[in-house]
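# Structural description and commentary
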Amino acid sequence: GGAYDSVFYQNANHSIRVTDEFMKAFLEDKEWMTKAVTSGKPADKYRARDMMRQIADAAWVCGDPGMQYHTTINNWHTCPNTAPINASNPCSEYMFLDDTACNLASLNLMKFRRPDGEFDVESFKKAVEVTITAMDIEVDNASYPTPAIGQNSFDYRPLGLGYANLGALLMARGLAYDSDEGRAFAGAITSLMCGEAYKQSALVAKEMGPFKGYAINREPMLNVMQKHGIHAERINREYLPADLWNASNDVWKDVLTYGKQYGIRNSQTT
């Protein structure tokens, strides 16, 4: 329509957050009651499938809105005793408390491809260790747009370590992007990166202390670490080199051990 044809809104990302209850209403073809943003009071009633159709049509036309699964996101929230996760940044890679900021860094996966074509697990682990340490130092030396964001960033110290060139790495291994093999390989690398990041965060906590919000969130945070380990075990080892599968699983045992002993320095790391 006219709004999309104009220059307005074309450089913004729009997302819709849905709960498990909404998805259940969609699957069962039930009605859904919306709520007022300011008061939370019931507003208008719609057929859930009609709403989902509009969401899907809009995404097909212009790529927006993205879907965010509110229930799942908060089930994996490391600091729910502070407040729920209400939203993300526009590109949706950072989900955490309101008025926080996340220092980002990225590792180029192709740099860890050995001459024989295999993934260099040990070098990758070392790179994560060094990068997370540097990123935590950066928290105290960065500038933030508002005092509230600055204070929460100091108190919770969230980090965002990611990777680049996953597609190139899969192609170099001859793995289809949309395949069980590709998903297993990506899952193991992601598990290893996330686990090593939290492990190093716990070791930094041994020297520097955990983040200020850790004490009241200790139990849910350690529960999330345990969930990561459970899901890492479900990655299909049939498609993976033994060293990668073992490393992506074993690291979570260290995370729990060190986390219980020393706490964790960063409320999130990846």
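Remember, it's a predicted structure, so these values are computed and weren't measured experimentally. Residues take numbers from 1 onward in each chain, read along the sequence in its written order. A pLDDT threshold of at least 70 governs which residues receive local features in this predicted model, and a stricter bar of 80 or more applies before side-chain atom pairs are shown or counted, although totals over entire chains, interfaces and linings include all residues. Note that the side-chain values use all heavy atoms of the structure and ignore hydrogens as well as water.

### Brief notes about the overall build of the protein chain
The criterion, for reference: Elements are defined by DSSP. Helices are runs of H or I of four residues or more, strands are runs of E of two residues or more, and each kind is numbered from the N terminus. With C-alpha atoms as the basis for the radius of gyration, the globule rule is written as 2.2 Å multiplied by the number of residues raised to the power 0.38. For each residue, the accessible area found with a 1.4 Å probe, counting protein chains only, is set against the maximum for its type, and the residue is called buried under 20%, exposed over 50%, and partly exposed in between. Any pair of residues with heavy atoms lying within 4.5 Å of one another is described as a contacting pair. We get accessible surface area from the Shrake-Rupley algorithm with a probe of 1.4 Å; when it comes to residues, only the shown protein chains can shield them. Residues scored as positive are Lys and Arg, those scored as negative are Asp and Glu, and His as well as the terminal groups of each chain are ignored. In plain terms, the charge of a residue is placed at NZ if it is Lys, CZ if Arg, CG if Asp and CD if Glu.
Along the backbone of the protein chain there are ten helices and eight strands. For 270 residues, the compact-globule formula gives about 18 Å, and the C-alpha radius of gyration of the protein chain, at 21 Å, lands near that figure. With the principal axes as the frame, the protein chain shows a C-alpha extent of 55 × 45 × 40 Å. In the protein chain, buried positions account for 39% of the 270 residues. For the protein chain, the share of sequence-separated contacts (at least 6 apart) that also reach a separation of at least 24 residues comes to 69%. In the form shown here, the protein chain has an accessible surface area of approximately 14,900 Å², with 53% of it arising from carbon and sulfur atoms. Placing the 27 positive and 33 negative side-chain charges of the protein chain at their respective mean positions leaves the two points 4 Å apart.

### Describing helix 10 (residues 242-262)
Basically, it comes down to this: A helix is expected to span 1.5 Å multiplied by its residue count minus one.
Taking 1.5 Å as the rise per residue, helix 10 with 21 residues should run 30 Å; its terminal C-alpha atoms sit 30 Å apart, in good agreement. On the buried face of helix 10, the contacting elements are helix 5 (121-139), helix 8 (180-208) and helix 9 (214-233). Looking one or two residues past helix 10, Gly 263 carries a phi angle of roughly 85°, positive in sign.

### Examining the nonpolar core
Going by this rule: In plain words, nonpolar cores are sets of buried Ala, Val, Leu, Ile, Met, Phe, Trp, Tyr and Cys residues tied together by side-chain atoms within 4.5 Å.
Core analysis: the largest hydrophobic core is formed by 31 residues, its most contacted members being Phe 119, Phe 124, Val 128, Phe 185, Ile 189, Leu 240 and Leu 244. Only helix 5, strand 8 (159-164), helix 7 (166-172), helix 8 and helix 10 provide two or more residues apiece to this core. Among the elements that take part in this core, helix 8 stands out by supplying eight residues, more than any other. When neighbours within four sequence positions are excluded, Val 128 is seen to be in contact with Leu 107, Leu 161, Met 193, Glu 196 and Ala 197. Cys 194, Ala 202, Val 251 and Trp 252 belong to the second-largest nonpolar core, a separate cluster that totals 21 residues.

### Some remarks on the packing of aromatic side chains
Applicable threshold: To pair, rings of Phe, Tyr and Trp, with the six-membered ring standing in for Trp, must have centres within 6.5 Å; the planes then decide the type, stacked if under 30 degrees apart, edge-to-face if over 60, and tilted in the middle. Two conditions define a charge sitting above a ring: the NZ of Lys or the CZ of Arg must be within 6 Å of the ring centre, and it must be within 35 degrees of the ring normal.
Using the criterion set out here, one finds eleven aromatic pairs in the structure. Relative to Phe 185, the ring of Phe 119 lies with its centre 6.4 Å away and its plane at 85°, an arrangement referred to as edge-to-face. In this pair, Phe 119 is assigned in the loop between strand 7 (103-108) and helix 5 and Phe 185 in helix 8, connecting sequence segments 66 residues apart. Phe 185 matches Phe 119 in its accessibility class, with the two residues each being buried. Centroid distance Tyr 156 to Phe 211: 5.8 Å. Interplanar angle 40°. Geometry classified as tilted. On the criterion of sequence distance, the pair formed by Tyr 156 in helix 6 (residues 147-156) and Phe 211 in the loop between helix 8 and helix 9 is long-range, its members being 55 residues apart. Cluster of aromatic residues (ring-pair linked, three or more members): Phe 96, Tyr 156, Phe 211 and Tyr 214. The ring of Phe 26 is capped by Arg 49, whose NZ or CZ atom sits 5.8 Å from the centre of that ring. Across the ring face of Trp 76, the terminal group of Lys 227 is positioned such that the distance to the ring centre comes to 4.5 Å.

### Side note on the environment of Ile 137
Looking at the element boundaries, Ile 137 is found in helix 5. Judged by its relative accessible area of 51%, Ile 137 falls in the exposed class.

### Notes on the pattern of salt bridges
Inclusion rule: Criterion for a salt bridge: a side-chain nitrogen of Lys or Arg within 4 Å of a carboxyl oxygen of Asp or Glu.
Considering all chains together, one arrives at 18 salt bridges under this definition. One salt bridge connects Glu 28 with Lys 24, and the closest N-O pair in it is separated by 3.0 Å. Looking at Lys 24, the relative accessible area reads 48%, which means it is partly exposed. A single salt-bridge network, built from bridges that share partners, covers Asp 136, Asp 140, Arg 157 and Arg 265.

### Quick notes on helix 5
The line we're drawing: Our arc is simply the arc of the directions from the helix axis toward the C-beta atoms.
With 19 residues, helix 5 ought to run about 27 Å at 1.5 Å a step, and its terminal C-alpha atoms sit 27 Å apart, in line with that. Within the sequence span of helix 5, burial applies to Val 121, Phe 124, Ala 127, Val 128, Thr 131, Ile 132, Met 135, Asp 136 and Val 139. Down the axis of helix 5, the sector holding all buried residues measures 160°, keeping them to one side. Turned more than 90 degrees off the buried face of helix 5, the exposed positions are Glu 122 and Ile 137. Of the surrounding secondary structure, the elements contacted by the buried residues of helix 5 are strand 7, helix 6, strand 8, helix 8 and helix 10.

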